[in-house]
Amino acid sequence: TTGGGGSGGTGAVEATDDDVPSHLQCCVCWDCPIGKIEQCAHGHIMCAEVSEGLVSCAAQIRKSAMPRRATCPTCRHKLPAEPIRALSAETSLALLRRVCPHCDLVTTRGDFRTHEGACPKEPARCSAAPDGCAWTGLVVDLRAHEEACMRAAVRAQVAPLRTRVVELEALDTAKGVEIGLLARQLMAVQERYKRLKRRVRESEDDVTELFHERDVREDGGDPAE
């Protein structure tokens, strides 16, 4: 794994990836944390930075446990409600030596994250790979390829339309939910209207009966007959 933090290149500790001490490894995945690190009250560290499409180790521990009962996997000590940032571990990891696997540049773990996104020898695939383009090469050659790739050109033109379709589908879903809610509200109103109409009819019958009884009494008869 690559390192985290944001320390400069001077003062780097001469250590390879395999030389990272165990106390600087995540106690959940046993890898070197990237970026933010959380620790328990006894100093055991866990990955706390969320990667794209993934959940951090610390978040997994908290999510898998009952509320307020998450514990450190190493010492079983209860994790605090407010996460403790392991700044010392972040700094130590950021100073460790890191060699780029693509261009052999020697840097620190802290600076490697910046270099990794700009390394000219990093392997790359055409943005139209999902559409059938099989080109692979280096990042430095990617732009030239995509300028000549018909699939990439079509994908670039279609991309706004795909985005719009997604937006419209989301809007359609939202409208469907809204319509369903309004339909339920309408049904409830109709039910209330039916009940009120029934009560009015019953009230009218009661009034009619009262008038009938009054008329009978005025005529000297028995209302019960």
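In what follows, the structure referred to is the one given above.
Residues numbered from 1 in each chain as written. Predicted model: local features only at pLDDT ≥ 70, side-chain atom pairs only at ≥ 80, totals over all residues. Heavy atoms only, no water.

Peer 1: Please set out the overall build of the chain residue by residue, giving values where relevant.
Peer 2: Along its length, the chain carries 5 helices and 7 strands. In the chain, the order of α-helices and β-strands from amino to carboxyl end is β-β-α-β-α-β-β-α-β-β-α-α. When the 225 residues of the chain are sorted by exposure, 22% land in the buried category. Within the chain, contacts between residues separated by at least 24 positions form 45% of all contacts whose residues are at least 6 apart in sequence. About 15,600 Å² of surface is accessible on the chain, with carbon and sulfur atoms providing 55% of the total. (Helix = DSSP H or I, 4+ residues; strand = E, 2+ residues; numbered from the N terminus. Buried < 20%, exposed > 50% of the residue type's maximum accessible area, 1.4 Å probe, protein only. Contact = heavy atoms within 4.5 Å. Areas by Shrake-Rupley, 256 points an atom, 1.4 Å probe, with all protein chains shown as cover.)

Peer 1: Residue-level account of the state of the cysteines, with values.
Peer 2: For the structure on display, the rule yields 0 disulfides. The structure places no disulfide on Cys32, whose sulfur is separated from the nearest cysteine sulfur, that of Cys29, by 8.7 Å. Considering cysteine sulfurs only, Cys29 is the nearest to Cys57, which forms no disulfide, with 3.8 Å between them. Taking the relative accessible area as the measure of exposure, Cys57 reaches 10% and is therefore buried. (Disulfide = S-S within 2.5 Å.)

Peer 1: I'd love a proper account of the sheet that holds strand S2 (residues 45–47), names of residues and values included.
Peer 2: Adjacent strands of a sheet pair through backbone hydrogen bonds, lying either parallel or antiparallel. Strand order in the open sheet formed by 3 strands is S2-S1-S3, and the pairing between neighbours is antiparallel. Edge positions in the sheet fall to S2 and strand S3 (84–85), since each has one partner strand and no second. Examined bridge by bridge, strand S1 (residues 37–39) and S3 share 2 bridges and lie antiparallel to one another. Counted as the bridge partner of Gln39 is Ile84 from S3. Contacts between helix H1 (residues 57–64) and the sheet are confined to S1 and S2, with S2 contributing the most and set at about 100 degrees to the helix. Running over the sheet, helix H2 (residues 87–95) touches S1, S2 and S3 and is turned about 135 degrees from S1. (Pairing = 2+ DSSP bridges. Axes fitted to C-alpha atoms, helices over the stretch in contact; angles between N-to-C directions.)

Peer 1: Lay out the pattern of salt bridges in plain terms, naming residues and giving numbers.
Peer 2: Here the structure, examined in full by the defined rule, presents 8 salt bridges. Across the pair Arg85 and Glu90 runs a salt bridge whose closest N-O atoms are separated by 2.5 Å. By relative accessible area, which is 10% here, Glu90 ends up buried. Where Arg162 meets Asp131, a salt bridge forms, and the shortest distance between an N and an O atom there is 3.7 Å. Separated by 31 residues along the polypeptide, Arg162 in helix H5 (residues 150–218) and Asp131 in the loop between strand S6 (123–125) and strand S7 (136–138) bring together distant segments of the chain. A relative accessible area of 32% places Asp131 in the partly exposed class. One continuous salt-bridge network, built from bridges that share partners, spans Asp131, Arg155 and Arg162. (Salt bridge = Lys/Arg side-chain N within 4 Å of Asp/Glu carboxyl O.)

Peer 1: Provide a residue-level description of unusual backbone geometry, including the pertinent values.
Peer 2: If a residue is not glycine, its phi is most likely negative; likewise, a peptide bond is most likely trans. Despite not being glycine, Trp30 has its phi angle at roughly 60 degrees, a positive value. Within the fold, Trp30 resides in the segment before S1. With a phi angle near 60 degrees, Arg76 is a residue other than glycine that sits in the positive phi range. Its location among the elements puts Arg76 in the loop between H1 and S3. Judged by relative accessible area, which is 60%, Arg76 ranks as exposed.

Peer 1: Could you give an account of the environment of Arg155, naming the residues involved and the relevant values?
Peer 2: With respect to the element layout, Arg155 can be found in helix H5. The exposure class of Arg155 is partly exposed, given its relative accessible area of 24%. Arg155 sits 27 residues away from Ala128 along the chain, and the two C-alpha atoms are 6.4 Å apart. Those residues in contact with Arg155 that sit more than four places away from it in its chain are Ser127, Ala128, Pro130, Asp131 and Arg162. Of note is the side chain of Arg155, whose polar atom sits 3.0 Å from the backbone oxygen of Ser127. (Polar contact = N/O pair within 3.5 Å; in protein donor to acceptor, adjacent residues only side chain to side chain.)

Peer 1: Describe the nonpolar core, listing the residues and the values that go with them.
Peer 2: Residues Cys26, Cys27, Cys40, Met46, Cys47, Cys57, Ala58, Ile61, Ala70, Cys72 and Leu79 constitute the largest nonpolar core, which totals 11 residues. Aside from chain neighbours lying at most four places away, what touches Ile61 is Val28, Met46, Ala70, Thr71, Pro73 and Leu79. The next biggest cluster of nonpolar side chains, apart from the first, holds 9 residues, and it includes Val20, Cys32, Ile45 and Ala86. (Core = buried A, V, L, I, M, F, W, Y, C linked by side-chain atoms within 4.5 Å.)

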